Amino acid sequence: MADGQIQIDGDPIFKGIDPIRYEGPSSDNPLAYRYYDKDRVVMGKRMEDHLRMAVCYWHTFCWDGYDIFGGGTFGRPWQNASNDRAAADRKMQAAFEFFTKLGLPFYCFHDVDVTEASPTPADLSNNFARAAERLAAYQEATGIKLLWGTANLFSNPRFAAGGLTNPNPEIAACAVRQIRECLEATHQLGGANYVLWGGREGYDTLLNTDLSRELDNFGRFLSMVVEHKHKIGFKGKILIEPKPHEPMYHQYDFDTATVYGFLKRYGLDKEVHVNIEPNHATLAGHSFAHELATAVALGIMGSIDINSGNFQNGWDTDQFNVDLKDITTALIELLPSGGLDTGGFNFDAKVRRQSNSLEDLFYAHVGGVDTLARALLAAADVLEKGELAALKAKRYAGWTDSEIGKLMLSEGATLESIADAAAARNVDASHVSGRQEYLENLVNRSIV
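Residues numbered from 1 in each chain as written. Predicted model: local features only at pLDDT ≥ 70, side-chain atom pairs only at ≥ 80, totals over all residues. Heavy atoms only, no water.

**Student:** What exactly am I supposed to notice about the nonpolar core here?
**Tutor:** One broad rule of soluble globular proteins: the nonpolar side chains tend to lie buried together. In terms of nonpolar packing, the biggest core is built from 116 residues, with Tyr 57, Phe 61, Phe 99, Tyr 107, Phe 109, Leu 222 and Phe 345 touching the most fellow members. Among the elements that take part in this core, helix 11 (residues 358-385) stands out by supplying 12 residues, more than any other. The contact partners of Tyr 57, leaving out residues within four places of it in the chain, are Cys 62, Lys 91, Met 92, Ala 95, Phe 99, Tyr 107, Cys 108, Phe 109, Asp 113 and Val 114. (Core = buried A, V, L, I, M, F, W, Y, C linked by side-chain atoms within 4.5 Å. Buried < 20%, exposed > 50% of the residue type's maximum accessible area, 1.4 Å probe, protein only. Helix = DSSP H or I, 4+ residues; strand = E, 2+ residues; numbered from the N terminus. Contact = heavy atoms within 4.5 Å.)

Structure follows, in structure tokens:
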């Protein structure tokens, strides 16, 4: 097939749009990459291998532009009101044509994203099995790979009170069925990870909620997911995506630290990692960099759904993240740990409702891709200069170099022995500047 022209199901959908290529910073072509040069080596690794970028199926191809105040505005050529099989097939064609023209290596999906409307669990099972076969054929034809798959346990009305944490065991059983089928399909498709987003694993009011039972059920069924992963030989990571609220009043996977405590309680901290989203971080009152730093420190870093929210709103707006400093400071926390292995940067972001042309889908992703690439270059520049690491090392050197620091960390040290040592040595230390403004200037100098 010609480059970018997928012919599995029919004529191209994105006519008149050429494959997106790297043209360099001096290019004024809005449909070209100015910074994303996939083969450029940064800190010993190709840019493509650092970023492992993916396009999400749901926002890009399933959403029709509706919101709670009005109907869809997009009128995509692959969408129709009935969401029948023909529309699902046309949507899959559009998706892989789009993936290929962007030149990004991965995509992600929910089970219901890739099927026609499926009223019953049996319908979804049959339709998803067919869709998975078609996805495999598209992957083979295009070379596009699956970053992760996930089961949608939040859209169907049966999941109003949750999936795995639902008070009705029959509904929880439906959720388990979906997870097993989607995990197995993800494995068969060569997926690098499997995600569980607990959008309705939480509560709207404690008045009707048995919190202890729901948490125990969540832990029990998550353990079963891990067990089944090993049974079928899936080598990818199981990921939980933290979010504090929306659609539920409170969600059990509030933030990375909360997820870690949950995993420790149920003995899953060595088996399950996190899929971090910047918009969810800000909803939890954190920065993107904080969530990455926490995941790295706790050893549960997995993957990233890259997007941003609007700080004027208190909900999940899922905008394309073009905040260069936000991503740069996050990558400064991620890269020293080795970066992402099975994970990647999935564009869990959507164009604005007024951006209804097909070209807008490309403009949005090109901007997101180039922002990630620029942030990678900026973060690498900061880290390779070494000044940040040197200052941190100096700031904490007393814990390994000073007599009192060694004593405090020594085996057998107690509250009493440390207090006695401080008194005997007449310890009376003074604060040393943390040089925050200096370091912020240092980062800014690398952002070009």
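**Student:** Looking at this model, I keep getting lost on the sheet that holds strand 11 (residues 301-305). Mind explaining?
**Tutor:** Read around the closed barrel, the 8 strands follow the order 3-4-5-6-8-10-11-12; overall the barrel is parallel. The sheet shows a mean angle of 30° between the axes of neighbouring strands, direction not considered. By the bridge criterion, 2 bridges tie strand 11 to strand 12 (residues 345-347) in an arrangement that is parallel. Bridging across to strand 12, Ile 304 finds its partner in Phe 345. (Pairing = 2+ DSSP bridges. Axes fitted to C-alpha atoms, helices over the stretch in contact; angles between N-to-C directions.)

**Student:** Please explain the packing of aromatic side chains as it appears in this structure.
**Tutor:** Ring pairs (aromatic) are described by centroid distance and by the angle formed between their planes. Taken as a whole, this structure holds 22 aromatic pairs when the rule is applied. With a centroid separation of 5.6 Å and an interplanar angle of 45°, the aromatic rings of Phe 14 and Phe 98 are classed as tilted. Residue Phe 14 is found in the segment before strand 1 (41-42), and its partner Phe 98 is found in helix 3 (residues 85-102); the two are separated by 84 residues along the sequence. Judged on exposure class, the residue Phe 14 and its partner Phe 98 are both buried. It is Arg 158 that lies over the ring of Phe 159; its NZ or CZ is 5.7 Å from the centre. (Phe/Tyr/Trp six-rings, centres within 6.5 Å; stacked < 30°, edge-to-face > 60°. Lys NZ or Arg CZ within 6 Å of the ring centre and 35° of its normal.)

**Student:** Where do I start with the pairing of strand 11 in this structure?
**Tutor:** A regular strand places its side chains on the two faces of the sheet in alternate fashion. With 5 of its 5 residues buried, strand 11 lies for the most part within the structure. Regarding topology, helix 10 (residues 324-334) serves as the crossover connection from strand 11 to the parallel strand 12, and that connection is right-handed. (Right-handed = clockwise from strand over helix to strand, strands pointing away.)

**Student:** Help me understand a nonpolar patch on the surface, please; the structure alone is not making it clear to me.
**Tutor:** A contiguous nonpolar patch, built from Tyr 396, Trp 399, Met 408 and Leu 409 and spanning about 430 Å² of accessible area, is present on the exposed surface. Note on placement: Leu 409 falls in helix 14 (residues 403-409). Since its relative accessible area comes to 56%, Leu 409 is described here as exposed. (Patch = residues over 30% accessible without salt bridge, like charges linked within 9 Å, V, L, I, M, F, W, Y side chains within 5 Å. Areas by Shrake-Rupley, 256 points an atom, 1.4 Å probe, with all protein chains shown as cover. Salt bridge = Lys/Arg side-chain N within 4 Å of Asp/Glu carboxyl O.)

**Student:** Mind showing me how you'd approach the pairing of strand 5 (residues 145-150) here?
**Tutor:** Most of strand 5 sits out of view: 5 of its 6 residues are buried. Pairing analysis gives 5 bridges linking strand 4 (residues 106-110) to strand 5, with the strands arranged parallel. Across the sheet, the residue bridging to Phe 106 is Lys 145, located in strand 5. In this fold, the crossover linking strand 4 to strand 5 by way of helix 4 (residues 121-142) has right-handed handedness. Pairing of strand 5 with strand 6 (residues 193-196), which is carried by 2 bridges, proceeds in the parallel orientation. Looking at the pairing, Trp 148 lines up with Asn 193 of strand 6. Taking the sense of rotation as the criterion, the β-α-β connection linking strand 5, helix 5 (residues 169-188) and strand 6 turns out right-handed.

**Student:** Is there a simple way to explain the packing of helix 9 (residues 288-298) against helix 10 in this structure?
**Tutor:** When two helices pack together, their arrangement is given by the angle between the helix axes and by the axis-to-axis distance. Closest axis-to-axis distance for the helix 9/helix 10 pair is 8 Å, and the angle between their directions is 10°. The orientation of helix 9 with respect to helix 10, classified from their angle, is roughly parallel. Contacts between helix 9 and helix 10 involve Phe 288, Ala 289, Leu 292, Ala 293 and Val 296 from the former and Asp 326, Ile 327, Thr 329, Ala 330, Glu 333 and Leu 334 from the latter. Residues belonging to the contact of helix 9 with helix 10 are distributed by class as follows: 8 nonpolar, 1 polar and 2 charged. (Parallel < 35°, antiparallel > 145°, perpendicular 65-115°, else oblique. Nonpolar A, V, L, I, M, F, W, Y, C, P; charged D, E, K, R; others polar.)

**Student:** What is the right way to look at helix 6 (residues 211-232) in this model?
**Tutor:** Within an α-helix, residues lying three or four positions from one another point in the same direction, as the helix has 3.6 residues per turn. With 22 residues, helix 6 should cover 32 Å at 1.5 Å per step; its first-to-last C-alpha distance of 32 Å lies within 8% of that length. Buried within helix 6 we find Glu 214, Leu 215, Phe 218, Gly 219, Phe 221, Leu 222, Val 225, Val 226, His 228 and Lys 229. Where helix 6 is buried, its residues touch helix 5, strand 6, strand 7 (202-203), strand 8 (237-240), helix 7 (256-265) and strand 10 (272-276). In the segment just after helix 6, Gly 233 is the residue with positive phi, at about 85°. (Expected span 1.5 Å × (residues − 1).)

**Student:** Could you clarify how one ought to interpret unusual backbone geometry in this entry?
**Tutor:** Leaving glycine aside, a negative phi is the common case for residues, and trans is the common case for peptide bonds. In this structure, Pro 247 follows Glu 246 across a cis peptide bond, with omega equal to 15°. Although it is not a glycine, Arg 52 adopts a positive phi angle of roughly 45°. Here Arg 52 shows up in the loop between helix 1 (47-51) and strand 3 (53-56). Residue Arg 52 is classed as buried on the basis of its relative accessible area of 17%. The residue Asn 426 is not glycine, and still its phi comes out positive at about 55°. Tracing the sequence through the fold places Asn 426 in the loop between helix 15 (415-424) and helix 16 (436-446).

**Student:** What is the right way to read the pattern of salt bridges from this model?
**Tutor:** Pairing is possible between side chains that carry opposite charge, provided their charged atoms lie close to one another. If you walk through the whole model with that rule in mind, you get 17 salt bridges. A salt bridge links Arg 46 to Asp 39, with the nearest nitrogen and oxygen atoms 2.6 Å apart. Salt-bridge contacts for Asp 341 lead to Lys 237; the nearest nitrogen and oxygen are separated by 2.9 Å. Taken as a pair, Asp 341 in the loop between helix 10 and strand 12 and Lys 237 in strand 8 lie far apart in primary sequence, 104 residues in all. Ionic contacts of the salt-bridge type, sharing partners, join the residues Asp 39, Arg 46, Glu 48 and Asp 49 into one network.

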